[in-house]
Amino acid sequence: MEGFGVFFSALVLAFVVEAVLEYVLGIWWQPLSEEMRPKVLMAIGLALGIALSLAYNVDLLAELGLAPSILGRILTGALIGRGADYLHGFWKKLKP
(Lines give C-alpha, C1' and ligand atoms only; values in the text may rest on other atoms or scores of the structure.)
Protein backbone atom coordinates (compact mmCIF):
# COMPACT_ATOMS: atom_id res chain seq x y z
CA MET A 1 0.00 0.00 0.00
CA GLU A 2 1.18 3.47 -0.73
CA GLY A 3 0.16 7.02 0.10
CA PHE A 4 -3.58 7.45 -0.13
CA GLY A 5 -4.19 3.69 0.13
CA VAL A 6 -2.59 3.51 3.56
CA PHE A 7 -4.47 6.57 4.77
CA PHE A 8 -7.74 5.21 3.36
CA SER A 9 -7.14 1.87 5.10
CA ALA A 10 -6.49 3.64 8.40
CA LEU A 11 -9.59 5.77 7.92
CA VAL A 12 -11.77 2.72 7.26
CA LEU A 13 -10.37 1.03 10.36
CA ALA A 14 -11.07 4.19 12.38
CA PHE A 15 -14.70 4.06 11.21
CA VAL A 16 -14.85 0.40 12.25
CA VAL A 17 -13.56 1.29 15.71
CA GLU A 18 -16.15 4.06 16.05
CA ALA A 19 -18.94 1.70 14.98
CA VAL A 20 -17.85 -1.02 17.41
CA LEU A 21 -17.59 1.49 20.23
CA GLU A 22 -21.11 2.72 19.50
CA TYR A 23 -22.43 -0.83 19.79
CA VAL A 24 -20.39 -1.70 22.88
CA LEU A 25 -21.24 1.51 24.67
CA GLY A 26 -24.85 1.28 23.56
CA ILE A 27 -25.09 -2.06 25.34
CA TRP A 28 -23.01 -1.31 28.46
CA TRP A 29 -23.22 2.48 28.71
CA GLN A 30 -25.85 2.72 31.46
CA PRO A 31 -23.97 0.83 34.21
CA LEU A 32 -20.90 3.06 33.77
CA SER A 33 -20.52 6.15 35.89
CA GLU A 34 -19.97 9.55 34.27
CA GLU A 35 -16.35 9.42 35.44
CA MET A 36 -15.66 5.97 33.95
CA ARG A 37 -17.25 6.46 30.50
CA PRO A 38 -14.41 8.46 28.89
CA LYS A 39 -11.79 6.13 30.35
CA VAL A 40 -13.55 3.02 29.06
CA LEU A 41 -14.11 4.64 25.67
CA MET A 42 -10.41 5.51 25.32
CA ALA A 43 -9.20 2.10 26.53
CA ILE A 44 -11.44 0.11 24.20
CA GLY A 45 -10.66 2.44 21.28
CA LEU A 46 -6.92 2.14 21.89
CA ALA A 47 -7.03 -1.66 22.13
CA LEU A 48 -9.18 -2.01 19.00
CA GLY A 49 -7.12 0.47 17.01
CA ILE A 50 -3.82 -1.23 17.81
CA ALA A 51 -5.24 -4.71 17.19
CA LEU A 52 -6.63 -3.70 13.79
CA SER A 53 -3.48 -1.85 12.77
CA LEU A 54 -1.32 -4.85 13.62
CA ALA A 55 -3.72 -7.32 12.00
CA TYR A 56 -3.91 -5.37 8.73
CA ASN A 57 -0.30 -4.10 8.78
CA VAL A 58 -1.21 -0.40 8.50
CA ASP A 59 1.69 2.00 9.18
CA LEU A 60 1.10 5.70 8.52
CA LEU A 61 4.55 6.62 9.83
CA ALA A 62 6.18 4.54 7.11
CA GLU A 63 4.28 6.67 4.58
CA LEU A 64 5.89 9.75 6.07
CA GLY A 65 9.35 8.39 5.27
CA LEU A 66 10.15 6.50 8.46
CA ALA A 67 11.21 2.87 8.27
CA PRO A 68 8.28 0.46 8.63
CA SER A 69 8.24 -1.01 12.12
CA ILE A 70 6.08 -2.56 14.79
CA LEU A 71 6.21 0.75 16.67
CA GLY A 72 4.86 2.57 13.62
CA ARG A 73 1.93 0.15 13.43
CA ILE A 74 1.25 0.51 17.16
CA LEU A 75 1.27 4.30 16.96
CA THR A 76 -0.95 4.15 13.86
CA GLY A 77 -3.28 1.93 15.87
CA ALA A 78 -3.41 4.55 18.61
CA LEU A 79 -4.45 7.12 15.99
CA ILE A 80 -7.04 4.73 14.56
CA GLY A 81 -8.40 4.19 18.07
CA ARG A 82 -9.06 7.92 18.46
CA GLY A 83 -11.52 7.79 15.56
CA ALA A 84 -11.99 8.98 12.00
CA ASP A 85 -12.24 12.73 12.66
CA TYR A 86 -9.10 12.78 14.76
CA LEU A 87 -7.18 10.70 12.20
CA HIS A 88 -8.23 12.94 9.32
CA GLY A 89 -7.19 16.09 11.18
CA PHE A 90 -3.86 14.56 12.16
CA TRP A 91 -3.09 13.47 8.60
CA LYS A 92 -3.99 16.88 7.15
CA LYS A 93 -1.48 18.54 9.49
CA LEU A 94 1.32 16.17 8.48
CA LYS A 95 0.87 16.06 4.73
CA PRO A 96 1.90 19.18 2.73
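Keep in mind that this is a model prediction, so the values were computed, not measured. (Residues numbered from 1 in each chain as written. Predicted model: local features only at pLDDT ≥ 70, side-chain atom pairs only at ≥ 80, totals over all residues. Heavy atoms only, no water.)

## What to know about the overall build of the chain
A tally of regular secondary structure across the chain gives five helices and zero strands. Listing the helices and strands of the chain from first to last along the sequence gives α-α-α-α-α. For the chain, with 96 residues in total, the buried portion stands at 32%. For the chain, contacts bridging at least 24 residues in sequence account for 65% of all contacts bridging at least 6. For the chain, the computed accessible surface area is about 6100 Å², with 68% contributed by carbon and sulfur atoms. (Helix = DSSP H or I, 4+ residues; strand = E, 2+ residues; numbered from the N terminus. Buried < 20%, exposed > 50% of the residue type's maximum accessible area, 1.4 Å probe, protein only. Contact = heavy atoms within 4.5 Å. Areas by Shrake-Rupley, 256 points an atom, 1.4 Å probe, with all protein chains shown as cover.)

## Some words on the side chain of Ser53
Looking at the element boundaries, Ser53 is found in helix H2 (residues 36–56). A distance of 2.8 Å separates a polar atom in the side chain of Ser53 from the backbone oxygen of Val58. If sequence neighbours within four positions are ignored, Ser53 has contacts with Leu13, Val58, Arg73, Thr76, Gly77 and Ile80. (Polar contact = N/O pair within 3.5 Å; in protein donor to acceptor, adjacent residues only side chain to side chain.)

## Notes on the nonpolar core
The biggest cluster of nonpolar side chains holds 13 residues, and the ones touching the most others in it are Ala10, Leu13, Val17, Val58, Leu60 and Ile80. Elements with a contribution of two residues or more to this core: helix H1 (4–28) and helix H4 (70–82). Per-element tally for this core: the top contributor is H1, with eight residues. (Core = buried A, V, L, I, M, F, W, Y, C linked by side-chain atoms within 4.5 Å.)

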